[in-house]
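Residues per chain are reported as follows:
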Amino acid sequence: MIWASLPATMRDLVHPVAAADYWQKSALRRYLSARIFGAVLIERKRKSGASFSSEDLLAPLVTVLEKQESLIFFPEGTRGGGDELG
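What comes next concerns the included structure. Along every chain, residues carry numbers that run from 1 in the direction the sequence is written. A pLDDT threshold of at least 70 governs which residues receive local features in this predicted model, and a stricter bar of 80 or more applies before side-chain atom pairs are shown or counted, although totals over entire chains, interfaces and linings include all residues. Only hydrogens and water are set aside; all other atoms, that is, all heavy atoms of the structure, feed into the side-chain values.

Moving on, we come to the nonpolar core. Only buried residues count toward a nonpolar core, which is a set of Ala, Val, Leu, Ile, Met, Phe, Trp, Tyr and Cys residues joined through side-chain atoms within 4.5 Å. Relative accessible area decides the class of each residue, using a 1.4 Å probe on protein chains only: under 20% of the type maximum gives buried, over 50% gives exposed, and in between gives partly exposed. If you look at the biggest cluster of nonpolar residues, it comprises six residues: Val17, Val40, Ile42, Leu61, Val64 and Leu71. In this description a helix means any DSSP run of H or I spanning at least four residues, a strand means any run of E spanning at least two, and both kinds are numbered starting from the N terminus. Contributing elements (two or more residues each) for this core: strand E2 (40-42) and helix H3 (54-66). Pairs of residues are marked as contacts when any of their non-hydrogen atoms sit within 4.5 Å. Those residues in contact with Leu61, other than ones at most four positions away along the chain, are Val17, Val40, Ile42, Leu71 and Phe73.

Here we take up the packing of aromatic side chains. Any Phe, Tyr or Trp ring, taking Trp's six-membered ring, that has another such ring centre within 6.5 Å forms a pair; planes under 30 degrees apart are called stacked, those over 60 apart edge-to-face, and the others tilted. All told, the structure shown has three aromatic pairs when counted by the stated rule. Measuring from ring centre to ring centre gives 5.3 Å for Tyr22 and Trp23, while their planes differ by 80°; the resulting arrangement is edge-to-face. Ring geometry for Trp23 versus Phe37: centroids 6.1 Å apart, planes at 75°, classification edge-to-face. Residue Trp23 is located in helix H1 (residues 20-23), and its partner Phe37 is located in the loop between helix H2 (27-36) and E2; the two are separated by 14 residues in the primary sequence. The exposure class of Phe37 is partly exposed, given its relative accessible area of 26%. Counting every residue linked through ring pairs, the aromatic cluster contains Trp3, Tyr22, Trp23 and Phe37. Should the NZ of a Lys or the CZ of an Arg lie within 6 Å of a ring centre and within 35 degrees of the ring normal, that charge is described as sitting over the ring. Above the plane of the ring of Trp3 lies Arg11, whose end atom (NZ or CZ) is 5.2 Å from the centre. Here the guanidinium or amino end of Arg29 rests over the ring plane of Tyr22, the centre of that ring lying 4.0 Å away.

Moving on, we come to unusual backbone geometry. We note that Gln68 has phi near 65°; this positive angle belongs to a residue other than glycine. For Gln68, a relative accessible area of 72% translates into the label exposed.

Our next topic: a nonpolar patch on the surface. The patches described consist of residues with a relative accessible area above 30% and no salt bridge, like charges being joined within 9 Å and nonpolar side chains (Val, Leu, Ile, Met, Phe, Trp, Tyr) within 5 Å. All accessible-area figures derive from a Shrake-Rupley calculation using a 1.4 Å probe, and residue coverage is judged against the displayed protein chains alone. Salt bridges are identified by distance alone: a Lys or Arg side-chain nitrogen within 4 Å of an Asp or Glu carboxyl oxygen. A contiguous nonpolar patch, built from Leu28, Tyr31 and Ile36 and spanning about 310 Å² of accessible area, is present on the exposed surface. With respect to the helices and strands, the residue Leu28 is situated in helix H2.

This part takes up the sheet that holds strand E1 (residues 14-19). Paired strands, as defined in this entry, are two strands with at least two bridges between them according to DSSP. If you trace the three strands from one edge of the open sheet to the other, you get E2-E1-E3, paired in parallel fashion. One side of each edge strand has no neighbouring strand; the edge strands of this open sheet are E2 and strand E3 (70-72). Across the sheet, the mean angle from the axis of one strand to that of its neighbour is 30°, orientation sign disregarded. Direction of pairing for E1 relative to E2: parallel, over a ladder of three bridges. Along E2, the bridge assignment pairs Val17 with Val40. For helices, the fitted line uses only the C-alpha atoms of the stretch in contact; every axis is such a line through C-alpha atoms, and the angle between N-to-C directions lies from 0 to 180 degrees.

Following this line, the structure appears as structure tokens:
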């Protein structure tokens, strides 16, 4: 709702930050996150055997900010097991 309420001319400069594991599950979600919302996807879990630092996690965010563009963070965090409200 936040992103959709922005004027159309600003939407290319404002990027929601979202969980990669959720938004990469299907072709439709990948399309929406990349082509419609311009989302910055963040890995929430390490892949088996992989290690990464907080700098690695933050790199996509820094890239956007270096372009003088904005990010939208959603403070509610992860979804519950069944997307229930609680």
